[in-house]
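Examining the three-dimensional arrangement
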Number of protein chains: 2
Amino acid sequence: MTAYDDLMAFQRDTEALAQVAGRLGWDQETVMPRGAAPQRAEEMAAMESVLHARRIDPRIADWLAQIEPAALDAVGQANLRHIKRDFDRATRVPADLAARIARVTSAAQGTWAEARAADDFAAFAPTLKEVIALKREEGAALAEGRGIGIYDAMLEDYEPGTTAADLEAMFGALRPKLSELRAAVREAEAPPVLEGAFDEAAQMTLTAKLARRFGYDLATGRIDKAVHPFSSGSGLDVRITTRTNALDPFNCFYSTVHEVGHAAYEQGIDSAYLLTPLGRGVSMGVHESQSRIYENQIGRSRAFTGWLFGEMTAVYGDFGVPDAGTFYRIVNRVSDGFIRTEADELQYNLHVLLRFDLERALMSGDLQVDGLQAAWNDRFEADFGYPVDRPSNGVLQDVHWSVGLLGYFPTYSLGNVYAGCLHEALREAVPDLDEALARGDTSAATGWLRENVQKHGGLYEPRKVITRACGKPPTEAPLLTYLENKFTELYGI
Amino acid sequence: MTAYDDLMAFQRDTEALAQVAGRLGWDQETVMPRGAAPQRAEEMAAMESVLHARRIDPRIADWLAQIEPAALDAVGQANLRHIKRDFDRATRVPADLAARIARVTSAAQGTWAEARAADDFAAFAPTLKEVIALKREEGAALAEGRGIGIYDAMLEDYEPGTTAADLEAMFGALRPKLSELRAAVREAEAPPVLEGAFDEAAQMTLTAKLARRFGYDLATGRIDKAVHPFSSGSGLDVRITTRTNALDPFNCFYSTVHEVGHAAYEQGIDSAYLLTPLGRGVSMGVHESQSRIYENQIGRSRAFTGWLFGEMTAVYGDFGVPDAGTFYRIVNRVSDGFIRTEADELQYNLHVLLRFDLERALMSGDLQVDGLQAAWNDRFEADFGYPVDRPSNGVLQDVHWSVGLLGYFPTYSLGNVYAGCLHEALREAVPDLDEALARGDTSAATGWLRENVQKHGGLYEPRKVITRACGKPPTEAPLLTYLENKFTELYGI
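Residues numbered from 1 in each chain as written. Chains lettered and ligands numbered in written order. Predicted model: local features only at pLDDT ≥ 70, side-chain atom pairs only at ≥ 80, totals over all residues. Heavy atoms only, no water.

1. Some remarks on the overall build of chain A
The condition that has to hold: Starting at the N terminus, helices and strands are each numbered in turn, a helix being any DSSP run of H or I of at least four residues and a strand any DSSP run of E of at least two. Radius of gyration means the value over C-alpha atoms here, while the globule rule gives 2.2 Å times the residue count to the 0.38 power. Relative accessibility thresholds used throughout: buried, under 20% of the residue-type maximum; exposed, over 50%; partly exposed, between the two (1.4 Å probe, protein chains only).
On a plain count of helices and strands, chain A comes out with 20 helices and 3 strands. The C-alpha radius of gyration of chain A comes to 23 Å, within 12% of the 23 Å expected for a compact globule of 493 residues. Each of the three principal axes of chain A carries a C-alpha extent, and together these read 70 × 50 × 50 Å. Buried positions account for 56% of the 493 residues belonging to chain A.

2. Some points on the packing of helix α16 (residues 409–429) of chain A against helix α20 (residues 477–491) of chain A
Residues and elements named next belong to chain A. Applied cut-off: Each axis is a line fitted through C-alpha atoms, taken for helices only over the stretch in contact, and angles between the N-to-C directions span 0 to 180 degrees. Any angle that falls under 35 degrees is termed roughly parallel, while one over 145 is termed roughly antiparallel, one within 65 to 115 roughly perpendicular, and all others oblique. The criterion used for residue contact is that any of the two residues' heavy atoms lie within 4.5 Å. Residues are grouped as follows: Ala, Val, Leu, Ile, Met, Phe, Trp, Tyr, Cys and Pro are nonpolar; Asp, Glu, Lys and Arg are charged; all remaining types, including Gly, are polar.
Closest axis-to-axis distance for the α16/α20 pair is 7 Å, and the angle between their directions is 80°. Judged by the angle between their axes, α16 and α20 are roughly perpendicular. Facing α16, whose interface residues are Asn416, Val417, Gly420, Cys421, His423 and Glu424, α20 presents Pro478, Leu479 and Tyr482. Here the contact of α16 with α20 is composed, by residue class, of 5 nonpolar, 3 polar and 1 charged.

3. Some points on the sheet that holds strand β3 (residues 239–242) of chain B
Residues and elements named next belong to chain B. Filter applied, for reference: By this definition, two strands are paired if DSSP reports at least two bridges between them.
Here we have 3 strands laid out as an open sheet, ordered β1-β3-β2, and mixed in their pairing. Each of the sheet's edge strands pairs with one partner strand only, and the pair in question is β1 (223–225) and β2 (231–232). As judged from the 2 bridges shared by β2 and β3, these two strands associate in the antiparallel manner. Pairing of Ser232 across the sheet is with Arg239, part of β3. Seen against the sheet, helix α10 (residues 249–268) touches β2 and β3 and runs at an angle of roughly 165° to β3.

4. Considering the relation of the copies chain B and chain A
What counts, and what does not: Superposition of the copies used a least-squares fit over C-alpha atoms from residues whose pLDDT is at least 70 in both.
Relative to chain A, chain B is turned by 179° and slid 0.0 Å along the rotation axis, the superposed coordinates differing by an RMSD of 0.1 Å. The transformation just described matches what one would write down for a two-fold rotation axis. Mapped onto chain A, 100% of the interface residues of chain B are again interface residues, and the two copies thus contact each other with one and the same surface.

5. Thoughts on unusual backbone geometry
The phi angle of most residues is negative, glycine excepted, and most peptide bonds adopt the trans form. Even without a glycine there, the phi angle at Asp119 of chain A is positive, about 50°. Residue classification places Asp119 of chain A among the partly exposed positions, given a relative accessible area of 26%.

6. Re the sheet that holds strand β1 (residues 223–225) of chain A
All names here are of chain A. Spatially, the 3 strands line up as an open sheet ordered β1-β3-β2, and their pairing is mixed. Of all the strands in the sheet, the pair left with one neighbour each is β1 and β2 (231–232). Packing against the sheet, helix α10 (residues 249–268) makes contact with β2 and β3 (239–242), and its axis sits at approximately 165° to β3.

7. Describing α20 of chain A
Residue and element names in this part refer to chain A. Inclusion rule: A helix is expected to reach a length of 1.5 Å times the quantity of its residues less one.
Along its 15 residues, α20 runs 21 Å from first to last C-alpha, staying within 8% of the 21 Å computed at 1.5 Å per residue. Those residues of α20 that fall on the buried side of the exposure criterion are Pro478, Leu479, Leu480, Tyr482, Leu483, Lys486, Phe487, Leu490 and Tyr491. A positive phi of about 55° marks Gly492, the residue just after α20.

8. Here's the deal with the pattern of salt bridges
Side chains that differ in sign of charge can pair as their charged atoms come close. Heads up, the rule is: Put simply, a salt bridge is a Lys or Arg side-chain nitrogen that is within 4 Å of an Asp or Glu carboxyl oxygen.
Applying the stated rule across the entire model yields 84 salt bridges over all chains. Here Glu138 of chain B makes a salt bridge to Lys135 of chain B, at a shortest N to O gap of 2.7 Å. Remark: Lys135 of chain B and Glu138 of chain B occur in helix α6 (residues 121–143); sequence separation between them is 3 residues, near one turn of the helix. Through salt bridges that share partners, Arg23, Asp237 and Arg239 of chain A together with Asp27, Arg40 and Glu43 of chain B make up one connected network.

9. Topic: the environment of Ser301 of chain A
Residue and element names in this part refer to chain A. Definition in use: Pairing of N or O atoms within 3.5 Å defines a polar contact, subject to two protein rules: one partner must be a possible hydrogen donor and the other a possible acceptor, and residues neighboring in sequence count only if both atoms are side-chain atoms.
Mapped onto the secondary structure, Ser301 falls in the loop between α11 (284–298) and α12 (302–316). Its relative accessible area of 8% is what places Ser301 among the buried residues. Note: C-alpha distance between Ser301 and His423 (122 residues apart in sequence) is 11 Å. Residue contacts for Ser301: discarding those within four places in its chain leaves Asn296, Tyr328, Arg427 and Leu437. In this structure the side chain of Ser301 is engaged in a polar contact, spanning 2.7 Å, whose partner is the backbone oxygen of Ile298.

10. Let's talk about the environment of Lys486 of chain A
All names here are of chain A. Secondary-structure assignment places Lys486 in helix α20. Residue classification places Lys486 among the buried positions, given a relative accessible area of 7%. Each C-alpha atom of the pair Lys486 and Val93 lies 46 Å from the other, and the pair is 393 residues apart in sequence. In this view, Lys486 contacts Asn296, Arg300, Tyr328, Asn332 and Glu345; residues no more than four positions away in its chain are not counted.

11. Quick look at the pairing of β3 of chain B
All names here are of chain B. Because side chains alternate across β3, one face comprises the buried residues Arg239 and Thr241, and the other comprises Ile240 and Thr242, equally buried. Two elements, β1 and β3, share 3 bridges in a ladder whose sense is parallel. Residue pairing for β3: Lys225 is matched across the bridge by Thr242. A loop of 6 residues connects β2 with β3, the two strands running antiparallel in sequence, and Gly233 in this loop sits at a positive phi of about 100°.

12. As for the domain arrangement of chain A
Residues and elements named next belong to chain A. Keep this limit in mind: Domain delimitation in this document rests on an assignment produced automatically or drawn from a domain database. Summed over both partners, the accessible surface that disappears when two parts come together, traced with a 1.4 Å probe, is what is meant by buried area.
Domain boundaries assigned for chain A yield domain 1 (3–150) and domain 2 (151–493). Distance between the C-alpha centres of domain 1 and domain 2: 26 Å. Each partner contributes residues to the interface: domain 1 has 45 residues there, and domain 2 has 51 residues. Between domain 1 and domain 2, the buried area comes to about 4200 Å², and carbon and sulfur atoms account for 61% of it. Three residues stand out in domain 1 for area buried against domain 2, namely Trp26, Asp119 and Phe121, and they jointly supply 16% of the buried area on that side. On inspection of domain 1 and its partner domain 2, the count reaches 8 salt bridges.

13. Section: the state of the cysteines
Quick reminder of the rule: Disulfides are defined as cysteine sulfur pairs within 2.5 Å.
Under the defined criterion, the tally for this structure stands at 0 disulfides over all chains. In this structure Cys421 of chain B is a free cysteine whose sulfur lies 5.2 Å from that of Cys470 of chain B, the closest cysteine sulfur available.

14. Considerations on the interface of chain B and chain A
The interface is formed by 37 residues belonging to chain B together with 37 residues belonging to chain A. Among the residues of chain B in contact with chain A, Pro33, Gln39 and Glu42 of chain B are the three that bury the most area, contributing 20% of the side total. One salt bridge in this structure joins Arg239 of chain B and Asp27 of chain A, with 2.7 Å as the shortest N-O distance. Viewed at the interface, chain A and chain B are joined by 16 residue pairs in polar contact (both at pLDDT 80 or more). Within the residue set of the side of chain B that touches chain A, elements represented by two or more residues are α1 (3–30) and α2 (37–55) of chain B. Looking at the side of chain B that touches chain A, the element that brings in the most residues is α1 of chain B, giving 10 residues.

Shown next as structure tokens:
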């Protein structure tokens, strides 16, 4: 056994234990008896403590010191890159700070939920101040001596290799164009809305068919219901959840397709990487690129919605939509709203960009928590053209900040940008894609994504994955072109 | 923080991690995608390795050395007793022996399953020889220097405080009486058998009602289907499984009631003991006493089956059984068979006693694996009066030996003996119990068991739990009296 072998054997157990901790999360959101919550919190904390001890295990430093990277192949070097970064990250944060963050964010989620229910930002503000202070302390520890900013250091947790400046450049170009397009769409005549009630058991049957159509492998996966849909697990056990609402079957179908995008990524990774650092999606941005291209560029395309219209007609009979063209317009309807997670693909990024700017200001100290609600409301009205009616529709709508996720929001829009790039390259590689999509056959699209993105897992850095797949570095331009083409045509602008 | 506090904080995390490992087992048997098996094996092994490292952690010895037991209250002393015994047990077995046992038994289960499917004992014998040799080595390490036998040392894993000699005395008295009663029953006229098909979804609805009737708390539990019913978890997350067979609804109902007995024990433990060594059922024998008294003495009583007859009639209409009296006789029908898990309460212990005698002989070296099949077949024919027709109905029917469970079988019959004692005491304490049971109200019975057995968890040694509850030490006599009364009356002998 060489030092590399020893390190990888140790890492393999860590990866397996991380999968176990993830499964506990799945269990909690799907099947756990509600009365088990207090015990589950202790079980999760015990698992986290085991994982933390392994992440800072001093043997890792010894092994790393003994390994000569140049003697390793590309896979070995990529493994080493991940392990080094994770070890550096874990050992930079003092144990007592990590413990304080864990304690405060664990309680903060409950405080946030109560404040949101009461529509009372002031009830959450003191807790959020604590979280922000601790995260700034953590960011400073992560950035120390590296000549990078606190926010850049936090971004690394979700999107290594991408800086705040990279995102500012992309998002800065995106925002005015999206606003302009959105204004034109709001002027134009809106498509109708879907009416009627749709049996929920039948939604689940059709959603399972959709999942299979998008290549989700149920031999190593399963579909359950959860309040907030998510995908969970890597390797041979990748589960998704969805939800049903009799009045809104699209919520079920497109939640499923979104989560299948995440799950197909995990299922598509080269099986040689199982339980290694390469055996997981490489970043949140690349992950989101898969869920978004499945959901939007493929799932909400004219061609594919034509097939879905036929499927819904087969299940529900005449459900009040006269033809596939109208169905396509209904699926892609742009509506006013407050909530990020309910936003359509045209407006979604405006929600994210708002959060990106506010959280950078919170991290830098340019914005204080006491001024956050006003800043949110001002920015929202400027971007959307109508005022926030209450905090639960504004600054209190997302859980992220309460649990210490700062630097996470921008990966949603980065994922959309990446999806735009990948979609452009996919259409070039598969010119007759729409013919297949119109038959409900996504295999050419999902096959191309598997081959060019998914199978690599963590082998390449996130930005390189996209650059290799597209033959050029990612920019916001393809996403903008796609949205402009789609919505000017759809709205007859 | 005193040494005792430190030790208990460490132990609390160990208990939480053991619950996590148990939940993985539940997941595997109920919801896990089948393709996840290879990854799950690595996840389980990683958890086991974490738990093993904690069980032999040298800090435990330091803490134990610093603690003055006399300064602790009864709960503290009981915690210490469990922790000392577990630490002693874990550190007596050399690491390489533990690893070999884990490796061999992990593979042996598959070999056993294949041999059973092929009805070929010779295909399993070499593997079983390895298992027996390793378990003898382990037993010798556990017994060394303590003046106890290998088999006594193995019994401690499941039933601390009970020796092979104790069991020999009980079972030696049980066997001839059971054989005699069984012979008389076989001479008498048999009740009819249940005929027809029973909707399986309706079985699940009724089984959930049964579970609630027996006090199973679904706020901290849930019911799923599994191939082999089991109960799993402690504290606030105690789950059961059952199975359905359209031709045999009693299999579903009484599997459920049996598992509810186990689960109610875990749910009934004083909540102050959560995630401590006292927060789990104290032994396999006491556990089985709860499942058996729920299933048999209560669930198969004339009074309770009268209520169940009404419930089945409400669900299935006229299902071909004319009255509650006939229903009672059908539920308690004594039938010829080969399989322990399918045996009725009269014959069940004969199956167990056979295994107890054979496994002691294997452990002592009086019986070799090569002679095991013949020894099994001879003993079976002597006890049951007809020959074993094939190995899957004989020596290959149980998984236990393949996975290294030696010393486990007798706890099944010990549980029945304990159930007999508890039932006698319960009937004295609640003279009008049958009136309540006839209304489907088990609360007087389950309440008495909770108060006198379940709530104590691991506070007292197993035998002491039963002795305290009954006001006298356990013997086989009450079980024999109960069985004699029940079956002579039922069969009109």
